[in-house]
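Survey of secondary and tertiary structure
In case you want the letters, here they are:
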Amino acid sequence: MASKWNLIVDVARCDNCRVCFLAVKDEYVGNDFPGYSAAQPAQGHNWLDIRRKERGAYPLVEARFMPVTCNHCDDAPCLKAARGEAVRKRPDGIVIIDPEKSRGQRQIVDACPYGVVCWNEERQIPQAWPFDAHLLDQGWTRTRAEQACPAHAFRTIKVEDEEMRRIQADEGLEVLEPGLGTRPRVYYKNLHLMTQCFVGATVVAQVAGIEECAAGVVVVLEQDGREVGRATTDAFGEFKIDRLEPNSRGYRLQAAAPAGRCTVQFDLDEESRYLGVLTLAAA
Ligand code: SF4
Ligand code: SF4
């Protein structure tokens with residue numbers, strides 16, 4: 001079985017410095033790579049886009065960032081929409097939108113369910129990040145974005161599909177929109193930071209009539225009577241329990257310590273929640 005290219009992106013490492021975005025611009029703006037890609041226009045194209053997600057509410061709030069690019073899908077809708085071999089799947093997994101054969105084929109932009117194909121108005125061609133195939137074919141082992149990223153958020157690997165499935169299972173990697181059935185070759189680690197919710201709160205206790213942050217309190221989260229998360233409060237009495245499905249219901253959270261306990265019931269909508277200040281009450 002042949003080895004194929006895959007890209008792994010760790011969402012937890014990305015801090016939105018956008019150096020990868022600039023590296024892609026530096027590689028493609030004004031540069032034609034015949035057989036691979038025509039030059040990217042100076043403005044308007046994001047072949048590697050950084051998407052943003054804010055989670056939580058004051059004081060437990062965070063912003064997360066995720067690089068998104070062509071997924072080089074194994075079952076690519078863009079390829080099915082193309083005429084005359086304007087899009088081809090290489091044996092090494094890379095999807096190439098041919099800069100000549102794709103002329104005038106705007107339907108390729110519309111066919112991509114990830115919205116990562118840009119339309120070049122001047123040349124009348126659809127364009128997406130070609131996985132730096134022109135560099136890999138010269139012996140490069142890493143993409144420009146991976147080389148440039150100071151946070152080491154990218155990992156480019158060429159392995160057989162069976163090995164990639166093992167890596168995916170071992171490292172808990174996910175792909176974007178798996179329900180589409182497109183079988184992307186771009187995998188994400190810690191994708192829950194963009195797609196799932198957390199719940200958090202500040203736990204306090206009354207000590208000699210004074211409200212104090214309650215550190216070291218064990219907090220257990222149940223959903224429909226089954227434990228789904230557990231955390232311990234930090235020095236500020238705060239905790240966070242992550243990886244909860246948006247729009248999920250029937251939660252019961254209990255914080256317990258020698259100073260007392262408290263229980264809260266809640267549901268989640270699409271966003272993470274800060275439950276406020278929870279005061280431990282003597283049993
Ligand atoms: S270079 Fe790395 S840390 Fe910076 S935006 Fe890109 S992926 Fe994120
Ligand atoms: S992400 Fe879009 S453009 Fe890239 S291979 Fe998949 S369908 Fe085609």
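This text goes with the structure placed above it.
Residues numbered from 1 in each chain as written. Chains lettered and ligands numbered in written order. Predicted model: local features only at pLDDT ≥ 70, side-chain atom pairs only at ≥ 80, totals over all residues. Heavy atoms only, no water.

For the protein chain, the count of helices and strands is seven helices and 17 strands. Compactness check: the protein chain gives a C-alpha radius of gyration of 24 Å against a globular reference of 19 Å for 283 residues, more than 25% above the reference. Viewed in the frame of its principal axes, the protein chain has a C-alpha envelope of about 75 × 35 × 35 Å. Buried residues in the protein chain amount to 49% of all 283 residues. In the protein chain, the proportion of contacts linking residues at least 24 apart, taken out of those at least 6 apart, comes to 58%. As displayed, the protein chain offers around 13800 Å² of accessible surface, 48% of which is attributable to carbon and sulfur atoms. In the protein chain, 35 side chains carry a positive charge and 41 a negative one; their mean positions are 2 Å apart. (Helix = DSSP H or I, 4+ residues; strand = E, 2+ residues; numbered from the N terminus. Rg over C-alpha atoms; globule rule 2.2 N^0.38 Å. Buried < 20%, exposed > 50% of the residue type's maximum accessible area, 1.4 Å probe, protein only. Contact = heavy atoms within 4.5 Å. Areas by Shrake-Rupley, 256 points an atom, 1.4 Å probe, with all protein chains shown as cover. Lys, Arg positive; Asp, Glu negative; His and termini not counted. Charge placed at Lys NZ, Arg CZ, Asp CG, Glu CD.)

This next bit is on the site of ligand 2. In the neighbourhood of ligand 2, 13 residues make up the surrounding shell, with Cys 70, Asn 71, Cys 73, Cys 78 and Cys 112 lying closest. For the shell around ligand 2, a count of residues per class yields eleven nonpolar, two polar and no charged. (Near = heavy atom within 4 Å. Nonpolar A, V, L, I, M, F, W, Y, C, P; charged D, E, K, R; others polar.)

Attention shifts here to the pairing of strand 11 (residues 210-213). Pairing between strand 10 (residues 197-207) and strand 11: four bridges, direction antiparallel. Paired with Val 207 across the bridge in strand 11 is Ile 210. Hairpin geometry of strand 10 and strand 11 is characterised by an intervening segment of two residues between the two adjacent antiparallel strands and by a positive phi of about 50 degrees at Ala 208. (Pairing = 2+ DSSP bridges.)

Tracing the sequence through the fold places Gln 105 in the loop between strand 5 (95-97) and helix 3 (107-111). On the basis of relative accessibility, which here comes to 4%, the residue Gln 105 falls in the buried class. A distance of 3.1 Å separates a polar side-chain atom of Gln 105 from the backbone oxygen of Lys 101. Within the local environment of Gln 105, its side chain forms a polar contact with the side chain of Gln 107, the two groups lying 2.8 Å apart. Once residues within four sequence positions are removed from consideration, Gln 105 is found in contact with Ala 81, Ala 82, Arg 83, Ala 86, Trp 119 and Pro 126. (Polar contact = N/O pair within 3.5 Å; in protein donor to acceptor, adjacent residues only side chain to side chain.)

Judged by pairing direction, the sheet is antiparallel, and its four strands sit side by side in the order 13-12-15-16 without closing on themselves. Two strands bound the open sheet, and with one partner strand each, they are strand 13 (226-232) and strand 16 (260-266). Going from strand to strand, the sheet's axes swing by 15 degrees on average, the running direction of each strand aside. (Axes fitted to C-alpha atoms, helices over the stretch in contact; angles between N-to-C directions.)

Turning our eyes to something else, we now look at helix 6 (residues 161-171). One turn of the α-helix equals 3.6 residues, which is why residues spaced by three or four share an orientation. Where helix 6 is concerned, the buried positions are Asp 161, Met 164 and Ile 167. The buried residues of helix 6 occupy one face: seen down the axis, they fall within an arc of 110 degrees. Every exposed residue of helix 6 that faces more than 90 degrees away from the buried side is listed here: Glu 162, Arg 165, Ala 169 and Asp 170. The inward-facing, buried residues of helix 6 contact strand 1 (4-10), strand 8 (154-159) and strand 9 (186-189). Gly 172 occupies a position one or two residues after helix 6 and carries a positive phi of about 65 degrees. (Arc of directions from axis to C-beta.)

Around ligand 1, the surrounding shell holds 14 residues, and the nearest of these are Cys 14, Cys 17, Arg 18, Cys 20 and Cys 149. The class makeup of the residues in the shell around ligand 1 is eleven nonpolar, one polar and two charged.

Our next topic: the sheet that holds strand 8. On the basis of which strands lie adjacent, the open sheet formed by three strands has the order 8-1-9 and mixed pairing. In this open sheet, the two edge strands, each paired with only one partner strand, are strand 8 and strand 9. Geometrically, the sheet is characterised by an average inter-axis angle of 25 degrees between neighbouring strands, direction not taken into account. As judged from the six bridges shared by strand 1 and strand 8, these two strands associate in the antiparallel manner. Opposite Ile 8, over in strand 8, you have Arg 155 as the bridge partner. The sheet strands contacting helix 6 are strand 1, strand 8 and strand 9, and the helix crosses strand 8 at an angle near 145 degrees.

Turning to the state of the cysteines, a few remarks are in order. In the structure shown here, the tally under the stated rule is zero disulfides. Distance from the sulfur of Cys 262, which forms no disulfide, to the nearest cysteine sulfur (Cys 213) is 14 Å. For Cys 262, a relative accessible area of 12% translates into the label buried. (Disulfide = S-S within 2.5 Å.)

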